[in-house]
Amino acid sequence: MATRIRNGRVQVDGTNVPFVESRYTSASFVRPPKILVMHFTYGGTAASSAAWFNSPDNPGSSAQVVIERDGSIIQCVSFDRPAWHAGTSEWRDRHGNHIVGLNRSSFGIELANWGFLKRAGSGWQTYTGRPIADPFMGVHRNGNPDGSTQPIGWEDYPEAQIRSAVALARAAVDAYGIDEIVGHDDIAPTRKWDPGPAFDMARFRELVFGDDGNADDSTATGELTVNVAEGLNLRAGPGTQFAVMVLLANGTRLRPLERQGRWISVSVLQNGLPVNTGWVHEAYVT
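These numbers were taken from a predicted model, which means no experiment stands behind them.

What the rule picks out here adds up to 13 aromatic pairs. On the numbers, 5.7 Å between centres and 70° between planes, the contact of Trp114 with Tyr127 is edge-to-face. Placement of Trp114 in the loop between strand E9 (106-111) and strand E10 (118-120) and of Tyr127 in the loop between strand E11 (123-125) and strand E12 (136-138) is noted, with a sequence separation of 13 residues between them. Both rings, one in Phe116 and one in Trp193, keep their centres 5.6 Å apart while their planes meet at 70°; by these two values the pair is edge-to-face. Of this pair, Phe116 sits in the loop between E9 and E10 while Trp193 is found in the loop between helix H3 (184-187) and helix H4 (201-209), placing the two residues 77 residues apart along the sequence.

Now for the nonpolar core. Met38 and Phe204 are the most contacted members of the largest nonpolar core, which totals 39 residues. What Phe204 contacts, discounting residues up to four positions off in sequence, is Met38, Ile162, Ala165, Val166, Ala169, Ile181 and Phe199. Counting residues in each nonpolar core, the second largest holds twelve residues, with Leu248, Ile264, Val266 and Val268 among its members.

This brings us to the confidence of the model for the chain. Taken residue by residue, the chain gives an average pLDDT of 91. The fraction at 70 or more is 96%. Here residues 212-221 is modelled with pLDDT under 50, and outside its nearest four sequence neighbours on either side it reaches 17 contacts, counting other chains as well.

Here the focus is the side chain of Thr252. Note on placement: Thr252 falls in the loop between strand E17 (244-248) and strand E18 (253-260). Reaching out from Thr252, the side chain makes a polar contact with the backbone oxygen of Ala249 at a distance of 2.7 Å.

Rules and cut-offs
Residues numbered from 1 in each chain as written. Predicted model: local features only at pLDDT ≥ 70, side-chain atom pairs only at ≥ 80, totals over all residues. Heavy atoms only, no water. Phe/Tyr/Trp six-rings, centres within 6.5 Å; stacked < 30°, edge-to-face > 60°. Helix = DSSP H or I, 4+ residues; strand = E, 2+ residues; numbered from the N terminus. Core = buried A, V, L, I, M, F, W, Y, C linked by side-chain atoms within 4.5 Å. Buried < 20%, exposed > 50% of the residue type's maximum accessible area, 1.4 Å probe, protein only. Contact = heavy atoms within 4.5 Å. pLDDT = per-residue confidence, 0-100. Polar contact = N/O pair within 3.5 Å; in protein donor to acceptor, adjacent residues only side chain to side chain.

This is the structure in C-alpha cells:
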C-alpha cells in the first residue's frame with residue numbers, strides 16, 4: 001500500500017483515510033515542522049481515541065492521526081495545522097534549536113495501545129481490567145509509572161501497526177522534510193511514558209530513515225558481538241544500577257548507537273534487523 005500526504009490529508013492507495021475532525025487545533029503552522037512525536041493512546045480502539053479528540057469533555061488534546069493495531073489510520077487534524085499533542089514539553093533538536101512547547105513545532109502520531117499495565121495475579125491487565133496476554137516486559141528509562149525498578153508489563157505493538165506508522169512517517173519525510181523522530185517521553189520525561197519501552201525507537205527510526213535516525217551520531221559504525229559464554233545482560237540504562245531487560249546469548253549480534261563512558265547503547269539484531277534496544281558494557285563485546 002502506498003501512503004502519501006497531500007494538502008494536509010493522509011492518503012492510502014490514492015484514497016483519503018477516514019477523517020474524524022478534532023476541535024483542538026490552532027492556526028496554520030508558520031513553517032512546516034521537522035519533528036515527529038510518537039505517542040500511545042493509553043486506551044482501547046483508534047476510533048474511541050479519535051472520538052475523544054472531538055469530545056467537549058476532552059480538556060484539550062489531539063493528534064494528527066491515530067493508528068489502530070491492524071494498521072488502519074484515522075486522521076483527526078490536518079498536517080497543515082498544529083494538533084495539541086505535546087503539552088508542556090521542551091526539546092533541543094538536531095539543529096541546536098531549543099523548543100519550548102512543541103505543538104507548533106511538531107506533528108503527533110498516536111498509536112492505539114494501552115501502554116503500561118497492572119499486575120493481576122500471575123498476569124497483567126489494563127487500568128480498565130482487560131487482561132493482556134504476552135505483554136512486553138520492560139523498565140522505562142525515565143522510571144516506571146508505579147515507581148518500581150523491575151520490568152513491568154506493557155502492551156506490545158503489532159507489526160502491522162508499526163509498518164503503517166513507518167509508511168506514514170516516510171510520507172511525512174517526503175512531504176515536509178521530517179528529520180527527527182522522538183517520543184512523548186523524550187520531550188516531557190518527567191510526566192509522560194509514551195510510547196514506552198515496548199516501542200523500539202531505534203528500529204523505528206532505522207526503518208523510516210534507513211539508519212538510526214541521527215545523522216550526526218559520532219558512534220563508530222559496524223556491528224558488535226556478545227563475547228561471554230554465560231550470556232550478557234542487556235540493561236535499561238548505562239550502568240549496573242539499571243534493570244536487566246533480557247539476557248543476550250553468546251554470539252548475539254549488536255549494532256552500536258551511542259556511548260556513555262564504557263557503556264554502549266545497542267540495537268539487538270535478529271536476521272539483520274533490530275528487535276530490541278538497551279545498554280551493554282564494552283568489556284563483554286567484540
